[in-house]
Amino acid sequence: MIEERFEAIFSAAPAISGFTPGRVNLIGEHTDYNGGMVLPTALPLGISLALSPRTDGEIHIWSDKFDDIAIRSLSDKASDHWSDYIVGAVILAREQGYLQNGLNVAARTTLPFGAGISSSAAVTVGILKLARDLAKDKTSDKDIAVLARRVENEFIGMPCGIMDQMAVAIASPGQALALNTETLGYELVDLPTDYHMAVIHSGQFRQLNEGRYKERKEECDAVKAALGHDNICQISDAEFASLSSLPDVLQRRARHCMTDHRRTIDAIACLKDKGFTKLGKLMNESHISMRDDFEITVPKVDRLVEDAVKLGALGARQTGGGFGGCIVACISNDKLKTWKNELLSSHPESFWVS
Ligand code: GLA
C-alpha cells in the first residue's frame, strides 16, 4: 500500500492518497495538437500517489522505480531528472493556490516508462488532482487536465497535445473517451465486452522529449502556416489539394492528420454500432498512415503489428507518440490466450502490458 510506504519513509501518515490510470489510445494519433479527434481509454495500470504538505519550500520524492529520494525545491527548473514531472506539477499546484509550500510525495507505478501509455500524464494529473482535493478546491477534472498539459509544455518543454491528460483525468477502463481536442467536448463510449484491447510493448523503449515528437509538431506548424489556420485535421479534400505546392513530406504529414481524424470519427461509430471488423480495419489503416505518411513507427513495431493481425487480431496499430513503445490490438476473447502466447513467443523482446 502506498500509504504505508509513505509512512515508512516520511515517518507520518500521508494527508491524502489516490490512483491515476495510464491510457492507451485506440486511434487518432498526433491529431490532438492539430484540432482533431482522439479515442483513448484508461488502463487498469497506473500510478499510486501519497502526499503531505511541507512547511518549507522543498519537495521530497520517493518512487519505487528509483533508489534515492529526490530532494527538489519550489524554485527548481526542469533538470532532465525523473522527478521533473512531479516538481513541475507541485510548482503549478502552488501557483494555483492548492498548496502553500512544498510537498512530500511517495509514488508507486505499474506503468512501464517510454511505452506510449502516459506515465507522465498520470503523475502530473495525479499530483494536481490530489493537491486540489487537499485544498477542497472545485476545479473540474477537465481543467486539471489543461493544467497538467501546461506542466509538460511549459515546465518540461514537451509540446504535447491534450489527449493524455484528458484521458487519465476523465476516462475509466471499459470506456473510451471520444474527445474533440479543439473544443474539449467529449463523450464516453462503451468498449466491446467480447473483444479485448490488448496492449503489448514492442521492447523498443523511447523518449518523446528526445526531439522527434517536436520535429513532427514543427512540420505540422509549417502546414498550419500554409493553410492560414490551425486545424489540419478538419480540412476538406479541396483544402488538402491546395497544399500541393508544399514539399511532399509536409503533404504526407497533413494527409495523416486529416485521414486519422476521419478514421477516428468512423471508429467511434463502429464502437457504437458494434462494427468491430470495420474497427479493426481502421486500426490497420491508421498504422499504415503512421508508418508511411507520418513516419513515426519503427521496424520492430511494424513487425509486431503485422504478426498481431496475421495471428488473428481484427486490427492492430502502434499507440501513442511513436518511435517504439506499445501496440494496441483488438482480439476476440476466445482467441486471446493462444494469440497472446504465439505473438509473444515469436517476438521475444516484446512483453504483455494489459
Ligand atoms: C503523446 C502526446 C499526446 C499525443 C500523442 C500522439 O502521447 O503526449 O499529446 O500527441 O503522443 O497521439
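Values in this document were obtained by computation on a predicted structure and should not be read as measured data.

**Student:** Where do I start with the overall build of the chain in this structure?
**Tutor:** Of regular secondary structure, the chain possesses 11 helices and 12 strands. Against the compact-globule benchmark of 20 Å for 354 residues, the chain has a radius of gyration of 20 Å, which places it among compact chains. The proportion of buried residues among the 354 residues of the chain is 57%. Looking at the chain alone, contacts between residues at least 24 apart form 69% of all its contacts between residues at least 6 apart. For the chain, the exposed area adds up to about 14,200 Å²; of that, 49% sits on carbon and sulfur atoms. A gap of 2 Å separates the mean positions of the 38 positive and 47 negative side-chain charges of the chain.

**Student:** In this structure, what is going on with the pairing of strand 8 (residues 186-190)? I would like to understand it.
**Tutor:** Two faces belong to every sheet, and in a regular strand the side chains alternate between them. With 5 bridges joining them, strand 7 (residues 175-180) and strand 8 adopt antiparallel strand pairing. Its bridge partner being in strand 8, Leu179 is matched across the sheet by Tyr186. Where strand 7 folds back onto strand 8 in an antiparallel hairpin, the turn is made up of 5 residues, including Leu184, whose phi is positive at roughly 65°.

**Student:** For this particular structure, what's the right way to read the side chain of His201?
**Tutor:** Assignment of secondary structure puts His201 in strand 9 (residues 195-201). Exposure remark for His201: the relative accessible area of 0% places this residue in the buried category. Here Gly203 takes part through its backbone nitrogen, which lies 2.8 Å from a polar atom of the side chain of His201. Setting aside residues no more than four positions away along its own chain, His201 makes contact with Gly114, Ala115, Leu304, Gly325, Cys326, Ser350, Phe351 and Val353.

**Student:** Would you explain the site of the ligand in this entry?
**Tutor:** Lining the immediate surroundings of the ligand are 13 residues, of which Glu29, His30, Asp32, Asp164 and Tyr213 lie closest. Take His30: an N or O atom from its main chain is 2.7 Å from an oxygen atom of the ligand. Considering the ligand on its own, with 310 Å² of exposed area, one finds that the protein chains cover 98% of that surface. Of the residues in the shell around the ligand, the class split is 5 nonpolar, 4 polar and 4 charged. Each of domain 1 (2-190) and domain 2 (195-352) gives at least three residues to the shell around the ligand.

**Student:** Can you help me understand the domain arrangement of the chain in this one?
**Tutor:** Frequently, the measure chosen for interface size is the accessible area that the parts lose on association. When its domains are assigned, the chain resolves into domain 1 (2-190) and domain 2 (195-352). A straight line from the C-alpha centre of domain 1 to that of domain 2 covers 25 Å. At the interface, 37 residues of domain 1 touch 45 residues of domain 2. For the interface between domain 1 and domain 2, the tally reads 2 salt bridges. The shortest N-O distance in the salt bridge between Lys272 and Glu187 comes to 2.9 Å. The tally of links from domain 1 across to domain 2 stands at 22 residue pairs in polar contact (both at pLDDT 80 or more). Of all elements in the fold, only strand 1 (16-25), strand 2 (37-38), strand 7 and strand 8 reach the threshold of two or more residues within the side of domain 1 that touches domain 2. Here the side of domain 1 that touches domain 2 is built from residues that sort into 20 nonpolar, 11 polar and 6 charged.

Reading the values: the criteria
Residues numbered from 1 in each chain as written. Predicted model: local features only at pLDDT ≥ 70, side-chain atom pairs only at ≥ 80, totals over all residues. Heavy atoms only, no water. Helix = DSSP H or I, 4+ residues; strand = E, 2+ residues; numbered from the N terminus. Rg over C-alpha atoms; globule rule 2.2 N^0.38 Å. Buried < 20%, exposed > 50% of the residue type's maximum accessible area, 1.4 Å probe, protein only. Contact = heavy atoms within 4.5 Å. Areas by Shrake-Rupley, 256 points an atom, 1.4 Å probe, with all protein chains shown as cover. Lys, Arg positive; Asp, Glu negative; His and termini not counted. Charge placed at Lys NZ, Arg CZ, Asp CG, Glu CD. Pairing = 2+ DSSP bridges. Polar contact = N/O pair within 3.5 Å; in protein donor to acceptor, adjacent residues only side chain to side chain. Near = heavy atom within 4 Å. Nonpolar A, V, L, I, M, F, W, Y, C, P; charged D, E, K, R; others polar. Domains from an automatic or database assignment. Salt bridge = Lys/Arg side-chain N within 4 Å of Asp/Glu carboxyl O.

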